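Chains, contacts and geometry: an overview
The chain contents come next:
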Amino acid sequence: MPNDLEVSLGSGGLKGMYQVGLFSALEDRHMARIGRCAGVSAGALTGACLASPAPRATLQAYYSTAVNQPLVPSGNKYWRAAKRYFGHKDSLYDGAIFEKLVRDTLAPIAHNKVLDVGVKPLASRNQHSVQLTADSPFEDVVQSVLASAAIMGVFPPRNLPSLGPCVDGGFISGLHLPRLRQAVQDRDSRVLMVVSCVPSCATDAQAEANYLGESLVAPDAFEAEAPTLHTAVMHWVDHSQKLACLGDASRVRHELGLQDMPDGVFGALYDGSGGAPFLYNAGTLLRDLPPAPQASARPMAMVYCAPKLADGFGQMTSDIALMTGTQQHKRRAVLERYHETGAKAAPEVSKLLDVAARWTASRRGSA
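An account of the accompanying structure is given in this report. Bear in mind that the values here come from a model prediction, so they are computed numbers and not experimental data.

Within the chain one finds 12 helices and 10 strands. By the burial criterion, 49% of the 367 residues in the chain qualify as buried. Taking the intrachain contacts of the chain between residues at least 6 apart in sequence as the baseline, contacts between residues at least 24 apart amount to 77%. Just so you have it, the chain exposes about 16700 Å², and 55% of that area is on carbon and sulfur atoms.

Below, the structure written as structure tokens:
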């Protein structure tokens, strides 16, 4: 079953190590099936690893480098920001250390694979796609990945041909929406694997309230002592980011045609009728699945992978604070935890992929 698996990889900053841990632990027979990757921000970097001629070695090199060295220079980031601002610079850091990581880790695209990188051109309000193949120069791979991971205000934009200066594609959506939308509509891949670095947050109203740290019932009393201004601002930033995640999860749910968004890892079967897909999990028996359609209906299976709400993945502001060299021990511990969470999900994901392959077996060898 070569090249019948397409992977869509989401953004998430340091939480991208969840993806690295997942694929590093995924069985070889599934890794060998990956033919196309689409990624945004951290997902673009993971996707470039998977699209390389030696995915496991590239993933390991990426993980080892990210864990053992800072991603930005050490020093007072507030003083650095003031100096760069008054010097008319466009970001807090010049991105040189991160660029070295990308160049030292990645390789040209393998001859039988495709990588779609999601970026946001500064001149556009939409997410745009850069498609890379074995014919693409390695410099194009490097610059596209750097552009997709250029967090606005943190790393500088990257100039891409025909698109101009581009920044983090995750600014528009946490997943590569143009390619995801096309994959679901056309069902040109037998199996689509979507890997988000953040919890779905959209399971039900209670789960959303818990995620936001709110209560569905107004309390009778609360602590009236006001927090410091810094604490209040950080609460607002954290709440705003969680609301953005909720909105993005809802958008992805609609793009995938899902009525429900289970927490963590699950699968969905699309029979080509246009109706809602059938959801299943690792414990679903084959006899409980709907009948598999003929190849002419272009059935497709989707496996969705994300950390659970209970895993407690931090917000982007927490990740950015851990990028500096002064936070090396904390950053290493966080990266290892993200990586371990992804690795623990691999056996469950493998079972879901096995079901997906069997249910779409009528399309084996067909377009």
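Here the focus is the side chain of Glu 99. With respect to the helices and strands, Glu 99 occurs in helix H6 (residues 96-105). When neighbours within four sequence positions are excluded, Glu 99 is seen to be in contact with Gln 143, Leu 146 and Arg 158.

Now for the pairing of strand S8 (residues 266-270). In terms of burial, S8 is a largely internal element, five of the five residues being buried. Burial of S8 is two-sided: the residues Phe 266, Ala 268 and Tyr 270 facing one way and the residues Gly 267 and Leu 269 facing the other way are all buried. In terms of strand pairing, S8 meets strand S10 (residues 300-305) through five bridges, oriented antiparallel. Paired with Ala 268 across the two strands is Met 302, which belongs to S10. Sheet analysis places S8 next to strand S9 (residues 278-280), joined by three bridges and oriented antiparallel. When the bridges of S9 are listed, Ala 268 appears paired with Leu 279.

In this structure, Val 7, Phe 23 and Met 193 are the most contacted members of the largest nonpolar core, which totals 73 residues. If we skip the residues at most four places from it in the chain, Met 193 touches Leu 5, Glu 6, Val 7, Ser 8, Leu 22, Phe 23, Leu 26, Val 303, Cys 305, Val 349 and Leu 353. Grouped together as the second largest cluster of nonpolar side chains are 18 residues, Val 194, Leu 256, Leu 258 and Tyr 270 included.

Thresholds, definitions, all that
Sequence order as written defines the numbering, with residues in each chain counted from 1. Residue-level local features of this predicted model are given only where pLDDT is at least 70; pairs of side-chain atoms are given and counted only at 80 or more, and the full residue set underlies all totals for whole chains, interfaces and linings. Computation of side-chain values: all heavy atoms of the structure, hydrogens and water removed. Only DSSP runs of H or I with at least four residues qualify as helices, and only runs of E with at least two residues qualify as strands; both kinds are numbered from the N terminus onward. The rule is simple: take the accessible area with a 1.4 Å probe, protein chains only, and divide by the maximum for that residue type; under 20% is buried, over 50% is exposed, in between is partly exposed. Working rule for contacts: check all heavy atoms of both residues, and any pair within 4.5 Å makes them a contact. Computed by Shrake-Rupley with a 1.4 Å probe, the accessible areas treat only the displayed protein chains as cover when residues are assessed. Two strands form a pair only when DSSP identifies at least two bridges running between them. Nonpolar core, defined: a set of buried Ala, Val, Leu, Ile, Met, Phe, Trp, Tyr and Cys residues in which side-chain atoms within 4.5 Å join the residues together.

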